[in-house]
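Residue strings, one per chain:
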Amino acid sequence: MPEATGGSAKGGVRGRTLAEVYRRFGEADGVKLSPLYARMAIALSESPEALRVIENAPPRRRHPTVILAALHDLALSGQAPDLAAAFASANATAATSAAVGVVGVGVVERVGELVLEVGAGRKVRADEGGRHAVLYPAVAEVARRVGATSVGLIDVGRSAGLNLTVDRVGISYDNGQSLGDSSSAVQVSASVVGDGPVPQRAMPQVAARVVVDVDPVDVTDVDEARWLRACVPPDQVERLARLEAELALAEAAPPMLVRGGVVDVLPEAIASVPDDVLPVVITTWALSGLDLEGRLRFLQRLDEAATRRPVAWVSVEGVGVAPGMPTFGDRRASGHSIVGLGVFDHASLQATAVGRCWLRGEMLAWLADS
């Protein structure tokens, strides 16, 4: 296998050369992510010139997912027209052949500095949306329990805030139930596990939308929105189409962005919700990024904010990750997540587990009486 001059252990991961990292990605992880990206990664692993360019990036920016997303960004921005044409080709075989055999490696070699510039300081933002089938009934139910007719949604840790369009999407479940707007451009589906029906309660009015993240994405910014698109491999056509529709919804009602660590800025985010509106803090697989102390401080911030009015929490986290949230007695690492509802009111917390979900919300078991 050809290696770059700089293809030493320092260019790779855990002792592997950079060439080995790219080939391993192409033969294993990349196949699940994108067949096109898998083949491009293998081609890059065989190009000493391309590997030398990639090694100029900081270690955390050399991973195939970052470089491939940067290539996609260049294609979307018009700076790599040949690559864009290959990606846009209706003939998948021809597109793959062109991208891997001619353009994919060639772009890195010709405009390597641009690739590194695009990827520098950015992280691959995957799995931003698609949680509506779980969140819609959960938000509607927690609002019912408080008696709220309007809510302010505060999305923690999902940088683009695509969860915040949950009131404007259509949802269909495989048991024949449906929720939301059947005419929306964003339609999602989910499987229902077990006999328990999903509550049919309508979403209350959404009076505020807030994103809390250390690096939030402004969906109205052309470059930032394009980077979100670039993080989806070009051969995932359905996923890209859904992202386009979700971005259009988000751009029509852009959220307020609160930048910073969740524990530090959560009070500011909650305070931004009008006084007569129920703040609903949403965490979807976000708390696992905090240590136990951080999670407990997160809980404390919610409690402190509830001295003047109730504050609700919709939690979709792995078993045992969300402090204070019941788990049906399930064991950690059980392969599913717990859907929990919490209501903070005058230094008290009422927390209830209402369901389980799998596959990031594509499968749902609603287990609470509503």
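Residues numbered from 1 in each chain as written. Predicted model: local features only at pLDDT ≥ 70, side-chain atom pairs only at ≥ 80, totals over all residues. Heavy atoms only, no water.

### Some words on the overall build of the protein
To keep it simple, the criterion reads: What counts as a helix is a DSSP run of H or I of at least four residues, what counts as a strand is a run of E of at least two, and both are numbered from the N terminus. Each residue is assigned to one of three classes by its accessible area relative to the maximum for its type, calculated with a 1.4 Å probe on protein chains only: buried under 20%, partly exposed between the two thresholds, exposed over 50%. In what follows, residue pairs with any heavy atoms lying within 4.5 Å of each other are defined as contacts.
A count of helices and strands for the protein gives 13 helices and 11 strands. Sorting the 370 residues of the protein into buried and exposed places 54% on the buried side. Considering only residue pairs separated by 6 or more positions, the protein has 68% of its internal contacts joining residues 24 or more positions apart.

### Comments concerning the pattern of salt bridges
To keep things clear, this is the line we draw: Any Lys or Arg side-chain nitrogen located within 4 Å of an Asp or Glu carboxyl oxygen qualifies as a salt bridge.
On inspection of all chains with the given rule, the structure shows 13 salt bridges. A salt bridge links Asp 73 to Arg 226; the shortest N-O distance between them is 3.3 Å. Taken together, the positions of Asp 73 in helix 5 (residues 64-77) and Arg 226 in helix 10 (residues 222-230) put the pair 153 residues apart, joining distant regions of the chain. Here Asp 73 and Arg 226 have matching classes, each one buried. The partner of Arg 356 in a salt bridge is Asp 330, with the nearest N and O atoms 2.7 Å apart. Taken together, the residues Arg 356 in strand 10 (residues 349-358) and Asp 330 in the loop between strand 8 (311-318) and strand 9 (337-344) connect sequence positions 26 residues apart. Arg 356 sits in the partly exposed class, given a relative accessible area of 22%. Taking relative accessible area as the criterion, Asp 330 reaches 18% and is therefore assigned buried. Each of the salt bridges in this network shares a partner with another, and the network as a whole consists of Glu 141, Arg 144, Arg 145 and Arg 201.

### Considering the packing of helix 1 (residues 18-27) against helix 5
The relative placement of two packed helices comes down to the angle between their axes together with the axis-to-axis distance. To keep it simple, the criterion reads: Axis lines are fitted to C-alpha atoms, over the contacting stretch for helices. Their N-to-C directions set the angle, which ranges from 0 to 180 degrees. When an angle is under 35 degrees it counts as roughly parallel; over 145 it counts as roughly antiparallel; between 65 and 115 it counts as roughly perpendicular; any other value is oblique.
For the pair helix 1 and helix 5, interaxial distance at closest approach is 10 Å and the crossing angle is 80°. Taken together, the axis directions place helix 1 and helix 5 in an arrangement best described as roughly perpendicular. Seen from helix 1, the contacting residues are Val 21, Tyr 22 and Phe 25; seen from helix 5, they are Pro 64, Thr 65, Ile 67 and Leu 68.

### Overview of the packing of aromatic side chains
What counts is decided by this rule: The pairing test for Phe, Tyr and Trp rings, Trp by its six-membered ring, is centres within 6.5 Å, and the orientation test on the planes gives stacked under 30 degrees, edge-to-face over 60, and tilted for anything in between.
This model, assessed by the stated rule, comprises two aromatic pairs. Geometrically, the ring pair formed by Phe 298 and Trp 313 is edge-to-face, given 5.4 Å between the ring centres and 70° between the ring planes. With a gap of 15 residues between them, Phe 298 in helix 13 (residues 292-305) and Trp 313 in strand 8 connect regions that are remote in the sequence. Judged by its relative accessible area of 0%, Phe 298 falls in the buried class. The buried category is assigned to Trp 313, whose relative accessible area is 0%. On the numbers, 6.5 Å between centres and 35° between planes, the contact of Trp 313 with Phe 344 is tilted. In this pair, Trp 313 sits in strand 8 while Phe 344 sits in strand 9, placing the two residues 31 residues apart along the sequence. Of the residues examined, Phe 344 reaches a relative accessible area of 1% and is grouped as buried.

### A word on the side chain of Asp 330
In plain terms, the rule: For the purposes of these results, a polar contact is taken to be a pair of N or O atoms within 3.5 Å, where, inside protein, one atom must be able to donate a hydrogen and its partner to accept one; residues adjacent in sequence count only when each atom of the pair is a side-chain atom.
A polar contact of 2.8 Å, which involves the side chain of Asp 330, links it to the side chain of His 336. Those residues within four positions of Asp 330 in sequence are excluded, and the remaining contacts are Val 319, His 336, Ile 338 and Arg 356.

### Some words on helix 12 (residues 262-271)
The test is simple: Within this analysis, the arc is defined by the directions that extend from the helix axis to the C-beta atoms.
Residues of helix 12 that are buried: Val 262, Val 263, Val 265, Leu 266, Ala 269 and Ile 270. All buried residues of helix 12 lie within an arc of 160° about the axis, which places them on one face of the element. Counted as exposed and oriented over 90 degrees from the buried face of helix 12: Asp 264 and Ala 271. Summarising the contacts, the buried residues of helix 12 are in contact with strand 1 (150-156), strand 5 (205-213), strand 6 (256-259), strand 7 (278-284), helix 13 and strand 8.

### Observations regarding the nonpolar core
What counts here: Residues belong to a common nonpolar core when they are buried Ala, Val, Leu, Ile, Met, Phe, Trp, Tyr or Cys residues joined through side-chain atoms within 4.5 Å.
If you look at the biggest cluster of nonpolar residues, it comprises 42 residues, and the most contacted ones within it are Leu 153, Tyr 173, Val 280 and Val 314. With eight residues, the single largest contributor to this core is helix 9 (residues 132-146).

### Some remarks on the packing of helix 3 (residues 35-45) against helix 5
Formally: We call Asp, Glu, Lys and Arg charged. Ala, Val, Leu, Ile, Met, Phe, Trp, Tyr, Cys and Pro are nonpolar, and the rest, Gly among them, are polar.
With their axes 11 Å apart at the nearest point, helix 3 and helix 5 run at an angle of 110° to one another. By the criterion of interaxial angle, the relationship of helix 3 to helix 5 is roughly perpendicular. For the pair helix 3 and helix 5, the contacting residues are Tyr 37, Met 40 and Leu 44 in the first and Leu 68, Ala 69, Leu 71 and His 72 in the second. Here the contact of helix 3 with helix 5 is composed, by residue class, of six nonpolar, one polar and no charged.

### Details of the confidence of the model for the protein
Rules: Summary of the metric used: pLDDT quantifies the predictor's per-residue confidence within the range 0 to 100.
The predicted model of the protein has a mean per-residue pLDDT of 87, with 86% of residues at 70 or higher. Considering only residues more than four positions removed or in separate chains, one finds that residues 1-10, a stretch of pLDDT under 50, has 26 contacts.

### Focus: helix 3
Most of helix 3 is tucked away, with eight of its 11 residues classed as buried. Of all the positions in helix 3, only Leu 36, Tyr 37, Ala 38, Met 40, Ala 41, Ala 43, Leu 44 and Ser 45 are classed as buried.

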